[in-house]
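Now for the letters of each chain:
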Amino acid sequence: MKKLLFSTAMLLAGVSANAQLAPGSVAPNFTVTAYQPWLSTAGSASNGSFTLYDYLDQGYTVFIDVSATWCGPCWNYHLGGALEDIYAAHGPAGAPGVASTTTDDVMVIWIEGDGQTADATMLDGSGAIGNWIEPAAGNQIQFPMANPASAAANQINNDYAIAYFPTIYRICPNRIIEEVGQLGASALYATVSACPPPASAPADVAALSYTGAAVHCEGAYTPSVDIQNNGTSPLTAATVTITQGGTTVSTGTYSGSLATYGVANVTCSPIANFAGGAMTVTVTTAGDASTANDVLNATVAAAANAVSQYITVNISTDYYASETSWSIKSSTGATVAQGGGNWNDMTTGQAGFTVQAPQLVTLNPSECYTFEILDSYGDGICCAYGDGAYSLVDANGTTIASGGEFEEIDTRAFKTGALGMDELATIAMNVYPNPASSEVNVSFEATNNDYAVSLMDLQGRVIAAKNMTNLNGTQVVSFSTENVAKGSYIVTVTVDGLTTTKNVVIK
């Protein structure tokens, strides 16, 4: 389940409900006081201090489980013993509960993430779902079990963008994090091989992630990349080279003093008249001990061509509509249209999903825009929690962009075209009075055709609509505003798939 695993108390405590930290993010450090049975002779007193970076600096890959003692799915995963098994087979050598044959490359830390849980109780089953320290009689958990005080728990939740329980992260020795989910012990350990080896050579720079825009409208484009010092000595200089088809198109440099595992962003030189496409990013430094981590690939999508300046935004969400929002921004970054984030479900429960009424957006001709859709949970709007999807369609019926399966954000760029002759014929309309108080009148010139006229709010919901057939000559359509809330609205007239929009204010 998604956000339903969040407690009301947690939301009231101000914990952010954003998607989890993106793969490739740097894990923030933390220190927790945690219980381990071998550290005391009896009871569940907090009696050990555990600092994340201490273990990372020793070369361990750390798995953290952020759960809540009231959370059923968390309890079920705990009972499955995956973290117990990986700790026993691969945990720190010599630690109680760790096999003598351990690979000695993994550490596990469990954290009670609900800051409202009583700080000194609950782990032993007092008022909770079960005895977390001893889930089975005679089988005490050997890895650290931490129940931080409210402020510390909420800080970890904010730092790690915890949006639901349980959240299981893998953190590599170089501090890079990835959510791995509720995997079994063998599957968890298989992810350790994705971590780079601990720093061992004085000089070793890595190309960590590409941070430039994923889409580009037009004109010059500025690449950027995060680099990391994987060497044991401070990194003082590095060079970034970006190529397309073997030709260097951009370069950048780093200078300073970057500590081991430190991350820096390098902004590279602009690429003139960039048309998008695949790029190869290479970072180098003097005496670089490893070239295997020097290169990464990035692809930037160029703007699609929209035939019309009239764009219809169609969106159906998954079962959790409040997680989805979208916007259209101009090339200057100004938001010209947006929606979502507060839709009311059209159906209840998990039997269906929210469908936004098509929102019609009028844009300036021959300009470039960026469409962005966000799912704050980080799993797109399709398909595990309801088959949602989105599409952008211009007035000539051309689909500019569509999708639904993405991580946290999907971004597309498109250029609008100039008005065609057919579109010019549809804009002979007027809306009056404006502002309106008792009714809105829509006048337009019809030419032996069928017309649809609607009054919509800014979220695209239809307030009133009329469909008329075989009209010719001057037409006037009136909508009563007696029961319509004050605010801004959109009037649309549609004929042959072409739509004209005008704004109106109701006072």
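Since this is a predicted model, take the numbers as computed values, not measurements.

S.K.: Tell me about the side chain of S330, and name the residues and values.
M.R.: Mapped onto the secondary structure, S330 falls in strand β18 (residues 324-330). We classify S330 as buried; its relative accessible area is 11%. In this view, S330 contacts C368 and Y369; residues no more than four positions away in its chain are not counted.

S.K.: Help me get a handle on the layout of surface pockets, residues and values and all.
M.R.: As a volume, the largest pocket reaches approximately 540 Å³. Considering the residues around the largest pocket, the lining is formed by 31 residues, among which Y164, E179, Y377, G378 and D379 are closest to the centre. The set of elements that each furnish at least two residues to the lining of the largest pocket consists of β6 (167-171) and β7 (177-179). Here the lining of the largest pocket is built from residues that sort into 18 nonpolar, seven polar and six charged. Contributing to the lining of the second largest pocket are 18 residues, with V336, L360, T362, I490 and N503 lying nearest its centre.

S.K.: Mind laying out empty space enclosed by the protein, listing which residues take part and the relevant values?
M.R.: It is a probe the size of a water molecule, rolled over the atoms, that shows where empty space is left. Going through the model one piece at a time under the given rule, you end up with one cavity of 30 Å³ or more. The volume enclosed by the largest cavity comes to roughly 30 Å³. Lining the largest cavity, in full, are Y77, H78, G81, A82, L83, E84 and F143. Taken together, the elements giving at least two residues each to the lining of the largest cavity come down to α3 (72-80) and α4 (82-90). Among the elements that make up the lining of the largest cavity, the one with the highest residue count is α4 (three residues). Counted by class, the lining of the largest cavity contains four nonpolar, two polar and one charged residues.

S.K.: Requested: an account of the state of the cysteines, with residues and values cited.
M.R.: Counted by the stated rule, this structure contains four disulfides. Between the sulfur atoms of C217 and its disulfide mate C368 the distance is 2.4 Å. What sets the handedness of the C217 and C368 disulfide is the S-S torsion sign, and at about -95 degrees it is left-handed. In this pair, C217 sits in the loop between β9 (215-216) and β10 (224-229) while C368 sits in strand β21 (residues 368-375), placing the two residues 151 residues apart along the sequence. Residue C217 shares its accessibility class with C368, and that shared class is buried. One disulfide in the model links C382 with C383; its S-S distance is 1.8 Å. Between C382 and C383, the S-S torsion sits near 40 degrees, and that sign places the bridge as right-handed. Under the relative-accessibility criterion, C383 is labelled partly exposed at 40%. Taken N- to C-terminal, the disulfide-bonded cysteines of the protein are connected 1-2, 3-4, 5-6, 7-8.

S.K.: I'd love a proper account of the confidence of the model for the protein, names of residues and values included.
M.R.: On average, residues of the protein score 85 in pLDDT, and 86% of them are at 70 or above. Contacts from residues 420-426, a stretch scored under 50 in pLDDT, to residues over four places away or in other chains number 11 contacts.

S.K.: Account for the sheet that holds strand β14 (residues 277-284), naming residues and giving values.
M.R.: What the five strands build is an open sheet, ordered β9-β15-β14-β11-β12; its pairing is mixed. The open sheet has two free edges, formed respectively by β9 and β12 (247-258), since each of these has just one partner strand. In the sheet, strand β11 (residues 235-244) pairs with β14 via five bridges, with the strands oriented antiparallel. Paired with T239 across the bridge in β14 is T284.

S.K.: Kindly report on the pairing of strand β4 (residues 106-112), identifying the contributing residues and their values.
M.R.: Among the seven residues in β4, seven count as buried, and that is most of the element. The two faces of β4 match: V106, V108, W110 and E112 on one face and M107, I109 and I111 on the other face are all buried. Sheet topology places strand β3 (residues 61-67) next to β4; seven bridges connect them, and they run parallel. Looking at β4, one finds that T61 is bridged to V106.

S.K.: Hey, could you go over the sheet that holds β21 for me, with residue numbers and the actual values?
M.R.: Read from one edge of the open sheet, five strands run β16-β24-β21-β18-β19, paired in mixed fashion. Every other strand in the sheet has two partners, leaving β16 (304-305) and β19 (335-340) as the edge strands with one partner each. Across two bridges, β16 lies against strand β24 (residues 409-415) in parallel orientation. Residue pairing across strands places A304 opposite F414, the latter belonging to β24.

S.K.: So, unusual backbone geometry: which residues are in play, and what are the values?
M.R.: In this model, F165 is joined to P166 through a cis peptide bond whose omega is -10 degrees. Residue D104 is not a glycine yet carries a positive backbone phi of 55 degrees. The residue R175 is not glycine, and still its phi comes out positive at about 80 degrees. With respect to the helices, strands and loops of the structure, R175 is situated in the loop between β6 and β7. Assessed through its relative accessible area of 8%, R175 is described here as buried.

S.K.: Tell me about the side chain of S250, and please be specific about residues and values.
M.R.: Relative to the helices and strands, S250 is located in strand β12. Of note is the side chain of S250, whose polar atom sits 2.6 Å from the backbone oxygen of S269. For S250, the residues in contact, after removing those within four places along its chain, are P223, V240, T241, I242, C268, S269 and I271.

Conventions we followed
Residues numbered from 1 in each chain as written. Predicted model: local features only at pLDDT ≥ 70, side-chain atom pairs only at ≥ 80, totals over all residues. Heavy atoms only, no water. Helix = DSSP H or I, 4+ residues; strand = E, 2+ residues; numbered from the N terminus. Buried < 20%, exposed > 50% of the residue type's maximum accessible area, 1.4 Å probe, protein only. Contact = heavy atoms within 4.5 Å. 1 Å grid on protein atoms, 1.4 Å probe; cavity = no way out; pocket = protein on both sides within 12 Å on 5 of 7 lines; lining within 4 Å. Points joined across faces, edges and corners; volume = space filled by probe spheres on them. Nonpolar A, V, L, I, M, F, W, Y, C, P; charged D, E, K, R; others polar. Disulfide = S-S within 2.5 Å. pLDDT = per-residue confidence, 0-100. Pairing = 2+ DSSP bridges. Polar contact = N/O pair within 3.5 Å; in protein donor to acceptor, adjacent residues only side chain to side chain.

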